[in-house]
Amino acid sequence: MTAATAAIGARPDPSSPVLLARPLDLERATSAVADLLDALGLDRRTDGLADTPARVARMFGELLTPEPFEATTFPNDAGYDELVLVSDIPFTSLCEHHLLPFRGTAHVGYLPGERIVGLSKLARLVESFARRPQVQERMTAQIADWLRDHLEPRGVGVVLEAEHLCMSIRGVRADGARTVTSTLYGLLRDRPAARQEFLELARPSRGRS
Ligand code: ZN
């Protein structure tokens with residue numbers, strides 16, 4: 001069995017225009033948050049706010065730093081050809097328009113072709129694409145594109161359902177509203193029975209009986 005390995009998060013990925021452009025500078029981020037608090041008219045001398053700039057800088061660092069991992073793929077020697085689906089993978093990402101979190105679950109599936117990948121790697125893949133400034137539509141497509149490009153599967157299906165804090169706590173205040181996005185390729189898009197099976201298994205949890 002020959003294994004192929006692709007490092008995710010270890011170096012900029014050309015399909016990901018919004019990955020960190022330079023190394024995280026915690027000191028600079030801390031002083032920028034301090035400036036922001038000042039500009040917002042807050043009094044940083046209070047006990048509660050004194051360490052907030054450093055805490056906020058570390059928090060953003062964490063939310064924007066995926067753990068690098070090796071997504072090893074293997075030849076599909078056993079010829080498994082049924083749907084592989086991992087559903088309800090929890091994720092938290094950061095809306096790039098407001099820098100507020102959006103959180104939810106991902107359902108990631110593929111119809112194996114030439115190669116397969118460890119199931120736990122599908123969850124790591126979601127985490128990796130979540131830890132950067134995102135929009136949900138692009139994140140959905142990035143996960144699907146990665147599977148299409150690295151596994152050469154007969155079909156790919158990715159469904160994301162998430163609540164966006166920028167929608168629920170400000171603006172329209174649509175508390176509890178969930179956004180569902182999907183990207184389907186190959187047979188999971190074009191063959192009605194396969195598409196239906198996937199969408200049945202990957203449908204948003206609230207619609208599930
Ligand atoms: Zn937003």
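Computed from a predicted model, the values in this text were never measured in an experiment.

Here the focus is the overall build of the protein chain. In terms of helices and strands, the protein chain carries eight helices and eight strands. Sorting the 209 residues of the protein chain into buried and exposed places 27% on the buried side. Of the contacts made within the protein chain by residues no fewer than 6 positions apart, 72% connect residues no fewer than 24 positions apart.

For L99, which is not a glycine, the phi torsion comes out positive at approximately 55°. Tracing the backbone shows L99 in the loop between β3 (84–95) and β4 (101–111). Its identity as a non-glycine residue notwithstanding, R173 has a phi of 50°, on the positive side. Along the chain, R173 turns up in the loop between α6 (165–168) and β8 (179–186).

To continue, consider helix α1 (residues 26–39). Helix length check: α1 (14 residues) gives 20 Å between terminal C-alpha atoms against 20 Å at 1.5 Å per residue, within 8%. G41 lies just past α1 and shows a positive phi near 85°.

With respect to the helices and strands, A32 occurs in helix α1. By the C-beta count within 10 Å, which is 13 here, A32 ends up partly exposed. Sequence separation between A32 and A57 is 25 residues; the distance between their C-alpha atoms is 8.7 Å.

This next bit is on the packing of helix α4 (residues 119–130) against helix α5 (residues 136–151). Interaxial distance between α4 and α5 falls to 10 Å at its minimum, and their mutual angle equals 135°. Between α4 and α5, the crossing angle belongs to the class labelled oblique. The two elements α4 and α5 meet at a crossing, and its hand is right-handed. Two secondary-structure elements touch here, α4 through L125, V126, F129 and A130 and α5 through M139, Q142, I143 and W146. For the contact of α4 with α5, the residue count by class is seven nonpolar, one polar and no charged.

Rules and cut-offs
- Sequence order sets the numbering: in each chain, residues are counted from 1 along the sequence as written.
- pLDDT decides what is reported in this predicted model: residues at 70 or higher carry local features, side-chain atom pairs at 80 or more are listed and counted, and totals for whole chains, interfaces and linings draw on all residues regardless.
- The numbering of helices and of strands both runs from the N terminus, where a helix is a DSSP run of H or I of at least 4 residues and a strand a run of E of at least 2.
- With C-beta atoms placed from the backbone, a residue counts as buried when 20 or more other C-beta atoms lie within 10 Å of its own, as exposed when 12 or fewer do, and as partly exposed for counts between those limits.
- By the convention adopted here, residues make contact when the C-beta atoms placed from their backbones lie within 7 Å.
- Multiplying one less than the number of residues by 1.5 Å gives the expected span of a helix.
- The axes used here are C-alpha line fits, helices contributing only the stretch in contact, and every angle between their N-to-C directions lies in the interval 0 to 180 degrees.
- Working definition: roughly parallel below 35 degrees, roughly antiparallel above 145 degrees, roughly perpendicular at 65 to 115 degrees, and oblique for all remaining angles.
- In this scheme the handedness of a crossing depends on how the near helix is turned from the far one: anticlockwise by less than a right angle means left-handed, clockwise means right-handed.
- Three classes are used: nonpolar for Ala, Val, Leu, Ile, Met, Phe, Trp, Tyr, Cys and Pro, charged for Asp, Glu, Lys and Arg, and polar for all others, with Gly counted as polar.

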